[in-house]
Structures are given as C-alpha cells and as structure tokens.
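# Notes for the structure review
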Amino acid sequence: MTTADTMTPVLPATPETESGAAVRVQRLVRGHLRATLYLGDCLDVLPEISGVDAVITDPPYGMGLDTNYGQFGGTDYNGLKGGGRVWKRIEGDNRQFDPRPWLLGSVQVFWGAQYYCHALPQKGGWMVFNKRGDGKPSEICFGDCELAWCNVGQAVRMFSFMWHGVARWGKEEQIHPSQKPAALMAWAMEKAKVPVGATVIDPYMGSGSTGIACLRTGRNFIGVEKDPDYFKAACARLEREINQGALL
C-alpha cells in the first residue's frame, strides 16, 4: 500500500521546528501522517516519547567501523571511480550497543544484531539482508549479508537487494556511511506485521531510511539522530519525500 492510498485528503507538508537546550524537534505533517524528528541523544529524548508501536532501527554496532572508504581501491562506496569517500565516524560505534532501553511497543527489529545478540531476549526470529542480490558466490568487502533480530518469532526470512559498489549507485541518495535502503526497512515492517497507521521509532535515524519507508507505507514516524549534519540531511530527505507524496 502506498501513502497515497492511505491519505484522504492529501495536504501539503507542514514543517514545524522547536528548539530546546539539548534537543531540537522538527515535525512534518501530511494528512494524518506525522514525522517527528529529534536532534539529540536518543536516551535523553526517550522520556519524552510515548505511543510507540514498533522500534525499527539500525543502531551503531559497537564495532568501531573505519569510515574511510577511500582505502578500498578504485571504486568508492557510491560506485564512482577514483577512490572512496571519507565519512565522519559513526556516533556511539566505539562502545557496545545496549538494546534494552528500546524494547518498546509490540514489535522490535534491530539490524546488526549478530554483534550484540548476547544482550537480546532469547525469544525471537531473524531476518537476513542479502546485499549481493543475485545470490552469486562472490564476496563483498563489507560482508555479503546483514542480520536483524525481531521479537516476533518466525522462520528466518531473507531480503535480496543489490546494495554494494556500482550496483547501488543511483538507487538512493547516499548520505550516511552505513545507510540501509528504504525498501529493506519497508520489507522488515511488513514481515514483522507492523500495522498501517502505527507509530514507528528509529532512535538511530542516520540517513532517515526507516522514516522514508514509513511515509511510503502509511505509518507515522519518530526519528532521533545525535549528529547535527546527519540530522539535517535526514530532515531534508524526509521533507522532500513528504512533499513529493503531497504532489502525487
């Protein structure tokens, strides 16, 4: 289902911005859909948040990822020739991720869970993101697949989508070193049975892919990002999406 199917009448996006001592809030509104975006530490924002139905997130894994992608030869992370981009380090990736504060709502999906599975409840299921897409037996320097834990127990499910090297160039605007495709987040919500009209939070918003997926599938979104540059880029990306939907 598209957002156009779920919004009657369709209204232009209405951005509102609030500023506080430690947290900035931007709200985007179209019809009955809401996107509320916080600039700040997600644990500081947590006491202000209520009414969450699902947590869909790709948090920092605690692996100290080297975001200097220029070291990987002649094709960069966006598939361009001449060396990769040097990204800012990911906030919080220098310490172990603790998922316990985010066991909220009826559904939780945490990507990268193989790195912190010891801290997760034993009950649950797994999702697989096959970044090769075609399934050919080649290897990707960043890993062929990524795993997500979901509290909704189910058989292991796999999403295949070419998301590396030159094949990912042009699919989505690249604004974060560990960006996930919006299509992946939409698929994860479908498999986890997050209802249309639900409120979904991503406490580690990054590029805003979870928010894009929510807007395209008729779900409300709350996003939190600590890095001001990534917050600004994600806000701009979500505002373009919600305005484009209004025009459609």
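Here the residue index of a chain counts from 1 through its sequence in written order. Where local features are concerned, this predicted model is filtered to residues with pLDDT of at least 70; where side-chain atom pairs are given and counted, the filter is 80 or more; whole-chain, interface and lining totals use all residues. Heavy atoms throughout the structure, all of them, feed into the side-chain values; hydrogens and water do not.

## Comments concerning the pairing of strand β4 (residues 54-57)
Regular strands have side chains that alternate between both faces of the sheet. We apply this condition: Buried residues are those whose accessible area, probed at 1.4 Å on protein chains only, stays under 20% of the maximum for their type, while exposed residues exceed 50% and partly exposed ones sit between those limits. In DSSP terms, a helix is any run of H or I states spanning at least four residues, a strand is any run of E spanning at least two, and both are numbered starting from the N terminus. One bridge is not enough; two strands pair if DSSP finds at least two bridges between them.
Because side chains alternate across β4, one face comprises the buried residues Ala54 and Ile56, and the other comprises Val55 and Thr57, equally buried. In terms of strand pairing, β4 meets strand β5 (residues 107-111) through four bridges, oriented parallel. Across the sheet, Ile56 pairs through a bridge with Val109, a residue of β5. Where β4 lies against strand β9 (residues 199-202), two bridges are found, and the strand directions are parallel. Across the sheet, Val55 pairs through a bridge with Ile201, a residue of β9.

## So, helix α4 (residues 209-217)
Among the nine residues in α4, eight count as buried, and that is most of the element. Every buried residue belonging to α4 is among Ser209, Thr210, Gly211, Ile212, Ala213, Cys214, Leu215 and Thr217, and all of these are buried. Just downstream of α4 lies Gly218, where phi reads positive at about 80°.

## Re the environment of Tyr204
Note the threshold: Only heavy atoms matter for contacts: two residues are in contact if any of them lie within 4.5 Å across the pair.
For Tyr204, the location among the structural elements is in the loop between β9 and α4. Here the alpha-carbon distance between Tyr204 and Lys226, two residues 22 residues apart in the chain, equals 7.9 Å. When sequence neighbours within four positions are dropped, the list of residues in contact with Tyr204 reads Cys42, Thr57, Asp58, Pro59, Pro60, Phe97, Trp102, Val224 and Glu225.

## Overview of the pairing of β5
Judged by how many residues are buried, β5 sits mostly within the fold: five of five residues are covered. Here β5 pairs with strand β7 (residues 145-150) via three bridges, running antiparallel. By the bridge assignment for β7, Trp111 is matched with Ala148.

## Re the confidence of the model for the chain
Cut-off, in case you're wondering: Here pLDDT means the predictor's own confidence in every residue, given as a number from 0 to 100.
Overall, the prediction assigns the chain a mean pLDDT of 78, with 68% of residues at 70 or greater. Low confidence marks residues 1-14, where pLDDT is under 50. Its contacts with residues over four positions away, or in another chain, come to 35 contacts. pLDDT under 50 marks residues 74-83. Its contacts with residues more than four places away, or in other chains, come to 26 contacts.

## Some remarks on the pattern of salt bridges
Where charged atoms from two side chains of opposite charge come close, those side chains can pair. Threshold: Note on definitions: salt bridges are taken to be side-chain nitrogens of Lys or Arg within 4 Å of carboxyl oxygens of Asp or Glu.
Tallying each qualifying case throughout the model produces six salt bridges. Across the salt bridge formed by Lys180 and Glu146, the nearest N and O atoms sit 3.0 Å from each other. Placement of Lys180 in the loop between β8 (157-160) and α3 (182-191) and of Glu146 in strand β7 is noted, with a sequence separation of 34 residues between them. Each member of the pair, Lys180 as well as Glu146, carries the same accessibility label: buried.

## Side note on the packing of aromatic side chains
Going by this rule: Note on aromatic pairs: the rings of Phe, Tyr and Trp (six-membered ring only in Trp) are paired at centre separations within 6.5 Å, and the planes decide the class, stacked below 30 degrees, edge-to-face beyond 60, tilted for the rest.
Per the counting criterion, the structure on display carries eight aromatic pairs. The interplanar angle of 75° and the centroid separation of 4.8 Å between the aromatic rings of Phe97 and Tyr116 together place this pair among those described as edge-to-face. In this pair, Phe97 sits in the loop between β4 and β5 while Tyr116 sits in the loop between β5 and β6 (125-130), placing the two residues 19 residues apart along the sequence. An identical accessibility class is assigned to Phe97 and Tyr116; each is buried. With a centroid separation of 5.9 Å and an interplanar angle of 25°, the aromatic rings of Phe110 and Trp149 are classed as stacked. Here the residue Phe110 occupies a position in strand β5, and Trp149 occupies one in strand β7, the gap between them amounting to 39 residues. By the burial criterion, Phe110 is buried, and Trp149 matches it.

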